[in-house]
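Each chain, letter by letter, is given below.
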Amino acid sequence: MVKKWEIVESKNRFYCDGRCLTGRDIGIFIFALILITITSGLFFGFDCPYLAHRLSPAIPVFAAIIFLSVICFIVRTACSDPGILPRATSDEVLYLERSNITSGPNSVALPGRTIEVQMYTGHVIQLKFCSTCKIFRPPRVSHCSLCDACIANFDHHCPWVGNCVGLRNYRYFYLFLFSLSILCIYILVFNVINIILRAQDKPSFADAIRETPATVVEALICFFSIWSVVGLWGYHTYLICRSVTTNEDIKDTWSSSRRGVTMKNPFSKGNPCLNCFAALCGPLPPSFLDLRATVTPDNNNFIHMVPTQMTNSNNTNETSRYHLDEHDRVNNYQVYSTVDYPYSDRQQQQQQQQQYPPCDYV
């Protein structure tokens, strides 16, 4: 028996027994952490003692709070499951190949297939087949080639956090940009104040700069970083108010006309404040991958998932399996499971069932 994270097919790295994951390439993420830490360390070591003495001891306190917020949000973004969808099992792929969708006389190969689904809002959306994950990608799902996985509410793959930004970590990415913008502005402003105060006690402005060269280094780093950081935060604020992802904005998904009808965004609440509240304060769905669940592969290439401490009213062990031929249905927010039957009864179950129930991620 192994843990689910040990057999997940993706390019992600897993740590702490599957409790956190990152992308394959985390070099830029480590560089970002070092740059933020060094810049803040120089501020605490060379500017804060003087500013706390001349102005207020609250200056380093607020700087520490902002710095810790930046570190917490960037680590949470980098080490969280962005919303990876499980890949189809061999039996699911076999069902799709044998289903009526592909058995018509004019059928095409699965990688070229699309199906149309109607959302509860009345919008009809085409779902494309992912040739890697072997699933029809739900709305707002896109396959990331760097992580080699389909990501729910895919926004983009951010090299600075070394991970995809999606359904389950977007709010932390936004808060990271917000707190980093405040930190850059905070340090830059007090760098200027520090030099001005020192210049008042020195015969020239150059003497004040020579007295604290670290302040100049901090100011240069923050000055060149502030434009991209604040600009990116403003751009994502604009996207949140419209309830649009970066991927959708680049592709102009909800503004282009299709079949002569302009597509309206079905995910927008119709109000920027409501969109912001839903994106930043709404409930987060659980991970689609139960990475710490104990699994055992059987002889039929199934993955038998054994959740801990789950029993039904008859004290029968309850298990969940990611198959279309069982009673599980996985969607964006819930996993419905019922009591699993022994593998010895698998053939009898298949004879009793006429077809697999549809997989519903919408």
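Our structure's up above, just so we're on the same page.
Within any chain, residue numbers begin from 1 and follow the written order of that chain's sequence. Per-residue local features are limited, in this predicted model, to residues with pLDDT of at least 70; the limit for side-chain atom pairs, both in listing and counting, is 80 or more; totals at the level of whole chains, interfaces and linings are taken over all residues. To obtain the side-chain values, all non-hydrogen atoms of the structure were used and water was disregarded.

## Section: the pairing of strand 5 (residues 124-130)
Which entries qualify depends on this criterion: DSSP calls a pair of strands paired once it identifies at least 2 bridges connecting them. Comment: elements are numbered from the N terminus, with helices defined as DSSP H or I runs of at least four residues and strands as E runs of at least two.
Relative to strand 5, strand 4 (residues 114-118) is paired through five bridges, and the arrangement is antiparallel. The residue bridging Glu116 from the neighbouring strand is Gln126, located in strand 5. Counting the residues that bridge the hairpin from strand 5 to strand 6 (residues 135-136) gives four residues, and of these Lys134 lies at a positive phi of roughly 60 degrees.

## As for unusual backbone geometry
Glycine aside, residues mostly have negative phi, and peptide bonds are mostly found in the trans state. Even without glycine at this site, Lys134 takes up a positive phi of about 60 degrees. Its location among the elements puts Lys134 in the loop between strand 5 and strand 6. The backbone of Asn153 sits at a positive phi, close to 50 degrees, despite the residue not being glycine. Within the secondary structure, Asn153 is located in the loop between strand 8 (149-151) and strand 9 (156-158).

## Some words on the packing of aromatic side chains
Test applied: Between rings of Phe, Tyr and Trp, where Trp is taken as its six-membered ring, a pair exists when centres lie within 6.5 Å; planes separated by under 30 degrees are stacked, by over 60 edge-to-face, and by other angles tilted. Partly exposed describes any residue whose relative accessible area lies between the buried limit of under 20% and the exposed limit of over 50%, with all areas from a 1.4 Å probe on protein chains only and scaled to the type maximum. Charge-over-ring placement is defined geometrically: NZ (Lys) or CZ (Arg) within 6 Å of the ring centre, and within 35 degrees of the ring normal.
Evaluated as defined, the whole model comprises nine aromatic pairs. Seen from their ring centres, Phe223 and Phe224 are 5.4 Å apart, and the 80 degrees between their planes marks the pair as edge-to-face. Taking the relative accessible area as the measure of exposure, Phe223 reaches 39% and is therefore partly exposed. Assessed through its relative accessible area of 60%, Phe224 is described here as exposed. Judged by centre distance (5.8 Å) and plane angle (90 degrees), the rings of Phe223 and Trp227 are edge-to-face. Of this pair, Phe223 and Trp227 both sit in helix 6 (residues 213-242), four residues apart, which is roughly one turn of that helix. Through a chain of ring-to-ring contacts, the aromatic side chains of Phe43, Phe44, Phe67, Tyr186 and Phe190 assemble into a single cluster. Here the basic side chain of Arg198 rests over the ring of Tyr50, its NZ or CZ set 4.1 Å away from the ring centre.

## Concerning the side chain of Asn194
We count it as follows: Throughout this description, a polar contact denotes any pair of N or O atoms lying within 3.5 Å of each other; where both atoms belong to protein, one of them has to be capable of donating a hydrogen while the other can accept it, and for residues adjacent in sequence the pair is counted only when both atoms sit in side chains. Here a residue-residue contact requires only that any non-hydrogen atoms of the pair lie within 4.5 Å.
Its place among the elements puts Asn194 in helix 4 (residues 170-200). What makes Asn194 buried here is its relative accessible area of 0%. In this structure the side chain of Asn194 is engaged in a polar contact, spanning 2.8 Å, whose partner is the side chain of Arg198. Asn194 has contacts with Phe46, Asp47, Tyr50, Leu51, Thr212 and Thr215, leaving out every residue within four places of it along the chain.

## Brief notes about the pattern of salt bridges
When their charged atoms lie close together, side chains carrying opposite charge are able to pair. Rules: Salt bridges are identified by distance alone: a Lys or Arg side-chain nitrogen within 4 Å of an Asp or Glu carboxyl oxygen.
Applying the stated criterion to the full structure yields seven salt bridges. Where Glu248 meets Arg140, a salt bridge forms, and the shortest distance between an N and an O atom there is 2.9 Å. With Glu248 in helix 7 (residues 246-251) and Arg140 in the loop between strand 6 and strand 7 (142-144), the pair connects residues that are 108 residues apart, well separated along the chain. The two residues Glu248 and Arg140 agree in class, both being buried. A salt bridge links Arg242 to Asp249; its shortest N-O distance comes to 3.2 Å. The exposure class of Asp249 is partly exposed, given its relative accessible area of 25%. It is possible to trace a salt-bridge network through shared partners that takes in Arg198, Lys202 and Glu211.

## So, the state of the cysteines
We count it as follows: Cysteine sulfur atoms are paired as a disulfide whenever they come within 2.5 Å of each other.
According to the stated counting rule, one finds zero disulfides in the structure shown. Between Cys20, a cysteine without a disulfide, and Cys16, which holds the nearest cysteine sulfur, the sulfur-to-sulfur distance is 4.2 Å. The class of Cys20 is buried, set by a relative accessible area of 16%.

## Focus on the packing of helix 1 (residues 27-54) against helix 2 (residues 58-78)
Threshold: Throughout, an axis means a line fitted to C-alpha atoms (over the contacting stretch in the case of helices), and angles, computed between N-to-C directions, take values from 0 to 180 degrees. Oblique is the label for every angle not falling under 35 degrees (roughly parallel), over 145 degrees (roughly antiparallel), or within 65 to 115 degrees (roughly perpendicular). When residue character is reported, Ala, Val, Leu, Ile, Met, Phe, Trp, Tyr, Cys and Pro are called nonpolar, Asp, Glu, Lys and Arg charged, and the others, Gly included, polar.
Put simply, helix 1 and helix 2 touch, their axes get as near as 10 Å, and they point 175 degrees apart. Taken together, the axis directions place helix 1 and helix 2 in an arrangement best described as roughly antiparallel. Across the interface between the two elements, Phe29, Ala32, Leu33, Ile36, Thr37, Ser40, Phe43, Phe44, Cys48, Leu51 and Ala52 of helix 1 pack against Ile59, Pro60, Ala63, Ala64, Phe67, Val70, Ile71, Ile74 and Ala78 of helix 2. Of the residues assigned to the contact of helix 1 with helix 2, the class counts are 18 nonpolar, two polar and no charged.

## Structural notes on the environment of Ala88
Within the element layout of this structure, Ala88 appears in the loop between helix 2 and helix 3 (90-98). We classify Ala88 as buried; its relative accessible area is 17%. Between the C-alpha atom of Ala88 and that of Lys134, which follows or precedes it by 46 residues, the distance is 5.5 Å. Those residues in contact with Ala88, other than ones at most four positions away along the chain, are Val93, Cys133, Lys134 and Ile135.

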